[in-house]
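Now for the letters of each chain:
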Amino acid sequence: MTYRVIQWATGNVGRAAVQGILSHPQLELVAAWVHSPEKAGRDLGELCGVGPLGITTTASTEEILAVDADCVLYSPLLPQLDEVVRLLESGKNVVTPVGWFYPCNTPGVAQLEAACRSGGVSLHGTGIHPGGITELLPLTVSSLCRNVRHVRAEEFSDIRVYRAELVVREIMLFGKSPEEAKASPMLDLLGFGFGQSIDMVAAGLDMRLDERKASTHEMAVATAPIDTPVGILEPGTVAAQRFAWHGLVGGQPVITVRVNWLMGEQHLDPPWTIGAERFEVEVQGDPSVHVTFRGLQPPYAQADLDRNPGIVATAMHCVNSIPYVCEAAPGIRTYLDLPLVSGRADAALLRLRSS
């Protein structure tokens, strides 16, 4: 069966998603929404660098709602609840990397569930971190263990490979003063997604968490100008950050999610090092298992800034989920509800076998 897909937004993730949809044998790309009037009315393929596709982009939500499609891959910079509700009510499944990984008691969840029932469709949040490394992989690794005592999912990344200036400077707050960064809602904004990750892991492991979660925010400042793809970070401004969130039982951490973000390892106070870029998943139990994932972050010296593998992987986790979400029962569907999601073989391999 072929599923008709709309791509919502054509930023870094959206462009990678377009390539993924085009290469997926079960998916047909039929329309695309864009944020700015400058992008509207253009050929989607030319906009995304893949050659003409005959699909004209639109900035009109009404036009998208009128399209006959099975699913919307919804990847704006910031999610809007009312947009997702309207998409669901129009009878379109929604797969997204920007939230709703395990929403449970979050604001708007009742409205989203009602929209899913009204449209007879599903909503699924996925991605990498949060969206995969923090939930799906720890739960998968935990199947090798008994008596699980603690779960950790952690990211170690050089943010110089991420060239989205608005995100890096105004959302991630690199280049701001420590006072600005500390007073910002960043810890809570990130914690909204990672808190859902913690809750999903706890539900999968049948852990009864305390109502309160613990969190910390550490940072290091530049001691000299640091040249980055988003401009110079001046001395005294934030150049490295470490965020952590903990699910607790009896006040003791049992699930930890942590991110380490650095603009390189030079000229930092205090000095920080992360070693090679990677993601780690650790399950303490019987036996204890520690897994390291590499390849999702390009080394800065060899980085192809237009095709960050972490962004591609985020997009592909969404793309590969679409057939499963379209076949799911109506409602908000998480990893705990869906079957195993897998990628698809390279078409060249299929052609080789057929020849």
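Note that residues are indexed from 1 along each chain, following the sequence as it is written. Note on the predicted model: pLDDT of at least 70 is required for a residue's local features to be given, and 80 or more for side-chain atom pairs to be given and counted; whole-chain, interface and lining totals, by contrast, use all residues. Calculation of side-chain values draws on the structure's entire complement of heavy atoms; hydrogens and water are dropped beforehand.

Trainee: Can you walk me through the overall build of the chain in this structure?
Mentor: A run of DSSP states H or I qualifies as a helix once it reaches four residues; a run of E qualifies as a strand once it reaches two. Both are numbered from the N-terminal end. For the chain, the count of helices and strands is eleven helices and 15 strands. The C-alpha atoms of the chain give 21 Å as radius of gyration, which agrees with the globular expectation for 355 residues (20 Å, within 12%). Looking at the chain residue by residue over its 355 residues, the buried ones come to 53%. Working rule for contacts: check all heavy atoms of both residues, and any pair within 4.5 Å makes them a contact. For the chain, the share of sequence-separated contacts (at least 6 apart) that also reach a separation of at least 24 residues comes to 69%. For the chain, the exposed area adds up to about 15900 Å²; of that, 52% sits on carbon and sulfur atoms. Charge counting treats Lys and Arg as positive and Asp and Glu as negative, with His and both chain ends excluded. Charge positions are represented by NZ for Lys, CZ for Arg, CG for Asp and CD for Glu. Separation between the mean location of the 27 positive side-chain charges and that of the 39 negative ones in the chain comes to 5 Å. Radius of gyration here uses only the C-alpha atoms, and the compact-globule reference equals 2.2 Å multiplied by the residue count raised to the power 0.38. Buried means the residue's accessible area, taken with a 1.4 Å probe over protein chains only, is under 20% of the maximum for its type, while exposed means over 50%, and partly exposed covers the values in between. Note that accessible areas follow from Shrake-Rupley with a 1.4 Å probe, and for residues the cover is restricted to the protein chains shown.

Trainee: It is not clear to me how the sheet that holds strand β15 (residues 331–332) should be interpreted in this structure. Could you clarify?
Mentor: By definition, the strands of a sheet pair up through backbone hydrogen bonds, in either a parallel or an antiparallel sense. If you walk across this open sheet you meet the six strands as β2-β1-β3-β4-β5-β15, and the pairing is parallel. At either end of the open sheet lies a strand with only one pairing partner, and these are β2 (27–33) and β15. Where strand β1 (residues 3–8) meets β2, six bridges bridge the pair, whose relative direction is parallel. Residue tryptophan 8 lies in a different strand from β2, and its bridge partner there is tryptophan 33. Packing against the sheet, helix α10 (residues 309–327) makes contact with β1, β2, β3 (71–74), β4 (93–96) and β5 (122–125), and its axis sits at approximately 155° to β4. For two strands to be treated as a pair, DSSP must find at least two bridges joining them. To get an axis, a line is fitted to the C-alpha atoms, and for a helix only the part in contact is used. The angle between two axes follows their N-to-C directions and goes from 0 to 180 degrees.

Trainee: How should the pattern of salt bridges be read in this particular structure?
Mentor: The working definition used for a salt bridge is a side-chain nitrogen of Lys or Arg within 4 Å of a carboxyl oxygen of Asp or Glu. Here the structure, examined in full by the defined rule, presents 15 salt bridges. Where lysine 213 meets aspartate 199, a salt bridge forms, and the shortest distance between an N and an O atom there is 2.9 Å. You can see lysine 213 sitting in the loop between α9 (186–205) and β7 (214–222) and its partner aspartate 199 sitting in helix α9, a full 14 residues away along the chain. Classification of aspartate 199 as partly exposed rests on a relative accessible area of 27%. Salt bridges sharing common partners tie together Arg152, Glu154, Arg258, Arg278, Glu280 and Glu282.

Trainee: What's the story with the layout of surface pockets in this structure? I'm lost.
Mentor: It is the rolling of a water-molecule-sized probe over the atoms that shows where space remains empty. A cavity here means a set of 1 Å grid points, computed over protein atoms only, where a 1.4 Å probe fits but cannot escape. A pocket is an open set with protein on both sides within 12 Å along at least 5 of 7 lines, and lining residues have an atom within 4 Å of a point. Grid points are joined across faces, edges and corners, and a volume is the space filled by probe spheres set on the points. By volume, the second largest pocket amounts to about 290 Å³. Along its surface, the second largest pocket is lined by 16 residues, and Gly191, Phe192, Gly195, Gln196 and Lys213 are the ones closest to its centre. Considering every element that reaches the lining of the second largest pocket, the biggest residue donor is α9, with seven residues.

Trainee: Sorry if this is basic, but what is going on with a nonpolar patch on the surface here?
Mentor: Patch membership needs two things, relative accessible area over 30% and no salt bridge, and members are linked within 9 Å if like-charged or within 5 Å if nonpolar (Val, Leu, Ile, Met, Phe, Trp, Tyr). Taken together, Leu77, Leu78 and Leu166 make up a surface patch of nonpolar side chains, about 300 Å² in accessible area. Looking at the secondary structure, you find leucine 77 in the loop between β3 and α4 (81–89). A residue is classified by how much of its surface remains accessible, and leucine 77, at 47% relative accessible area, is partly exposed.

Trainee: Teacher, can you tell me more about the environment of serine 90 here?
Mentor: Structurally, the position occupied by serine 90 is in the loop between α4 and β4. On the basis of relative accessible area, serine 90 is assigned to the partly exposed category, the value being 30%. With 22 residues separating them along the chain, serine 90 and aspartate 68 place their C-alpha atoms 9.5 Å apart.

Trainee: Please explain the packing of α4 against helix α5 (residues 109–119) as it appears in this structure.
Mentor: Think of two packed helices as two axes; the pair is described by the angle between the axes and how far apart they sit. In contact at an axis separation of 7 Å, α4 and α5 are set at 20° when each is read in the N-to-C sense. Compared by their axis directions, α4 and α5 come out roughly parallel. Where α4 approaches α5, its residues Leu81, Val84, Val85, Leu88 and Glu89 are matched on the opposing element by Gln111, Leu112, Ala115, Cys116 and Gly119. Partitioned by chemical class, the residues of the contact of α4 with α5 number seven nonpolar, two polar and one charged. Small angles under 35 degrees read as roughly parallel and large ones over 145 as roughly antiparallel, with 65 to 115 read as roughly perpendicular and the rest as oblique. Note on residue classes: Ala, Val, Leu, Ile, Met, Phe, Trp, Tyr, Cys and Pro are nonpolar, Asp, Glu, Lys and Arg are charged, and everything else, Gly too, is polar.

Trainee: Would you mind showing me how to read the environment of tyrosine 162 here?
Mentor: For tyrosine 162, the location among the structural elements is in the loop between β6 (146–158) and α7 (165–171). Remark: the alpha-carbon pair of tyrosine 162 and glycine 310, spanning 148 residues in sequence, is separated by 9.8 Å. Leave out the neighbours within four places in its chain, and tyrosine 162 touches Asn12, Val167, Val168, Met172, Val230 and Ile311.

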